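The lines below spell out each chain.
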Amino acid sequence: MKQIVLLGVASLLLVSCRHSRQIARPVFTVGDSSQVTAVTDSAAAEAAAIKGTLLEGVRKNSVQYTTFSAKLKIDFENDKQRQQNISTNIRMQKDSVIWISVSAPIIGEVARAIITPDSLKAYDKFNKRLYLRALNDARDLLNIPFEFSTLQDMIIGNPVFLTDSVFQVVKTPAIISFSCDSTLYTSLFNVFADDYLLQQSKVMDKNPASNRSCELTYGEYKVMDGRRFATTRRIFVEEKNITRIAMDFNRVEFNQPLSFPFTVPASGYTLE
């Protein structure tokens, strides 16, 4: 049984779970459609100001950090298997390293991974498998295309593929919806109208031959070390099949000294 489901993108799977629940998929909405106000380009200066205020508000909510560590539970399911209550520790040094440790009840740690901007190294103790990949070559282990910075943002809860190219702004009393354009993707965002906190986002591949998308939902915001942090996440990656991930954080720390221990097993592992 091989899989990496690293918190929003992947994580090393352990053993099958006999009793698991399906991860519910929230509806991607724009709020109360009866009270929608669309921001058009008919008044260009006013529209530009609204879009600028919107981007400024969203970016002010971005979580700033040097190091980050967390403990959380992950539920995972795809067309082949389901896993529930996966105990996961994660540590990050911004723009440098992401470290993941996954544990199972009774038997302890079963997998560990370390990711840098250039590489992915991981071992699965349960199945005695070792993964050593350039990050660009890890597509069979990681279900969606990404850069290191994108993976960081997904884990920390910052918006992914947020650009200055904003269009289709729709305002309701509760939610502001808008789209962003980038070279490869179109991104949709829902933010709360009162404070611009991220509620949902959806990234869609612009390649007409691809049916790939990634939808993220954020909830249960709490103030953690002075930062507003979404302690629950739901991630749905859709291509040929759907991968569903539920993340529930129970401990979060910022800017504390961290270590990132990882030693490649000397023998007994199959290199994948």
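Look above for the structure.
For clarity, every value in this text was computed on a predicted model and none was experimentally measured. Note on numbering: residues in each chain are counted from 1, in written sequence order. Given that this is a predicted model, residues contribute local features only at a pLDDT of at least 70 and side-chain atom pairs are listed and counted only at 80 or more, while totals for whole chains, interfaces and linings are drawn from all residues. Calculated side-chain values reflect all of the structure's heavy atoms, with hydrogen atoms and water omitted.

(A) Here's a closer look at the pairing of strand E5 (residues 82-93). Only strands joined by at least two bridges in the DSSP assignment are considered to pair. Helix and strand definitions follow DSSP, with helices as H or I runs of at least four residues and strands as E runs of at least two, each counted in order from the N terminus. Of the pairings in the sheet, the one linking strand E4 (residues 67-77) to E5 comprises 10 bridges and is antiparallel in character. When the bridges of E5 are listed, Leu72 appears paired with Thr88. Connecting the antiparallel pair E4 and E5 is a turn made up of 4 residues. In this structure, E5 lies alongside strand E6 (residues 97-104), joined through 7 bridges in antiparallel fashion. From the neighbouring strand, Asn89 faces E6, where its bridge partner is Ser101. What sits between the antiparallel neighbours E5 and E6 is a turn of 3 residues, in which Asp95 has the positive phi angle 65°.

(B) Just helix H2 (residues 148-156), in detail. Burial status follows relative accessibility: with a 1.4 Å probe on protein chains alone, a residue under 20% of its type maximum counts as buried, one over 50% as exposed, and anything between as partly exposed. By the criterion of burial, H2 is predominantly enclosed, with 7 of the 9 residues buried. Looking one or two residues beyond H2, the residue adopting positive phi is Gly157, at roughly 95°.

(C) Region of interest: the pairing of strand E10 (residues 166-171). Pairing between E10 and strand E11 (residues 175-181): 4 bridges, direction antiparallel. When the sheet's bridge partners are listed, Val166 is paired in E11 with Cys180. Linking E10 back to E11 in an antiparallel pair, the connection comprises 3 residues.

(D) Local environment of the nonpolar core. Membership of the largest hydrophobic core comes to 55 residues, with the highest contact counts inside it found for Phe68, Ile90, Ile98, Phe178 and Phe254. By the convention used here, residues are in contact when the closest approach between their heavy atoms is within 4.5 Å. Sequence-distant contacts of Phe68, that is, excluding residues within four places in its chain, are made with Ile90, Arg91, Met92, Ile155, Ile156, Phe229, Phe249, Val252, Glu253, Phe254 and Leu258. By nonpolar core we mean a set of buried residues, namely Ala, Val, Leu, Ile, Met, Phe, Trp, Tyr and Cys, connected to one another through side-chain atoms within 4.5 Å. In terms of nonpolar packing, the next biggest core, distinct from the first, is built from 6 residues, Val97, Trp99, Leu130 and Phe262 among them.

(E) Focus on unusual backbone geometry. Look at Asn85: it is not a glycine, yet its phi comes out positive at around 55°. The residue Asn85 is located in strand E5 in this model. With a relative accessible area of 41%, Asn85 lands in the partly exposed category. Phi angles above zero are rare outside glycine, and Lys128 is one such case at about 55°. Structurally, the position occupied by Lys128 is in the loop between strand E8 (119-124) and strand E9 (129-134). Relative accessible area serves as the criterion here: at 42%, Lys128 is assigned to the partly exposed category.

(F) Representation of a nonpolar patch on the surface within the structure. A grouping of Ile106, Ile107 and Phe126 is seen on the molecular surface, where their side chains present a nonpolar patch of about 370 Å² in accessible area. The topology assignment puts Ile107 in the loop between E6 and strand E7 (108-115). Two joining distances apply to patches: 9 Å for like charges and 5 Å for nonpolar side chains (Val, Leu, Ile, Met, Phe, Trp, Tyr), and every residue must have over 30% relative accessible area and no salt bridge. What sets the accessible areas is the Shrake-Rupley method with a 1.4 Å probe; for residues, cover comes only from the shown protein chains. The working definition used for a salt bridge is a side-chain nitrogen of Lys or Arg within 4 Å of a carboxyl oxygen of Asp or Glu.

(G) Fine view of the side chain of Thr163. Assignment of secondary structure puts Thr163 in the loop between H2 and E10. A 3.5 Å cut-off defines polar contacts: any pair of N or O atoms within that distance qualifies, except that in protein one atom must be a possible hydrogen donor and the other a possible acceptor, and neighbouring residues in sequence count only when both atoms are side-chain atoms. A polar side-chain atom of Thr163 sits 3.2 Å from the main-chain amide nitrogen of Ser165. Looking at Thr163, its side chain comes within polar contact range of the main-chain oxygen of Asp181, at 2.9 Å. If near-sequence neighbours (up to four positions away) are discounted, Thr163 is found in contact with Leu55, Arg59, Cys180, Asp181 and Ser182.

(H) Representation of the packing of aromatic side chains. Only rings of Phe, Tyr and Trp enter the pairing, Trp through its six-membered ring, and a pair is recorded when the two centres are within 6.5 Å. The plane angle decides the type: under 30 degrees is stacked, over 60 is edge-to-face, the rest tilted. Counted under the stated rule, the structure contains 9 aromatic pairs. With a centroid separation of 6.3 Å and an interplanar angle of 75°, the aromatic rings of Phe229 and Phe254 are classed as edge-to-face. Of the two residues, Phe229 sits in strand E15 (residues 227-238) while Phe254 sits in strand E16 (residues 242-254), which places them 25 residues apart along the sequence. Each member of the pair, Phe229 as well as Phe254, carries the same accessibility label: buried. Three or more aromatic residues joined by ring pairs make a cluster, and in this case those are Tyr65, Phe68, Phe229, Phe249 and Phe254. Distance and angle both matter: a charge sits over a ring if NZ of Lys or CZ of Arg is within 6 Å of the ring centre and within 35 degrees of the ring normal. In this structure, Arg91 packs its charged tip against the face of Trp99, placed 4.2 Å from the ring centre. The cationic tip of Lys94 hangs over the ring face of Tyr65; the distance from NZ or CZ to the ring centre is 5.5 Å.

(I) Examining the pattern of salt bridges more closely. Applying the stated rule across the entire model yields 10 salt bridges. As a salt-bridge pair, Glu56 and Lys60 come within 3.6 Å of each other at their nearest N and O atoms. Remark: Lys60 and Glu56 occur in helix H1 (residues 44-60); sequence separation between them is 4 residues, near one turn of the helix. The exposed category is assigned to Lys60, whose relative accessible area is 64%. Overlapping salt bridges bring together Glu109, Arg112 and Lys125 as one network.

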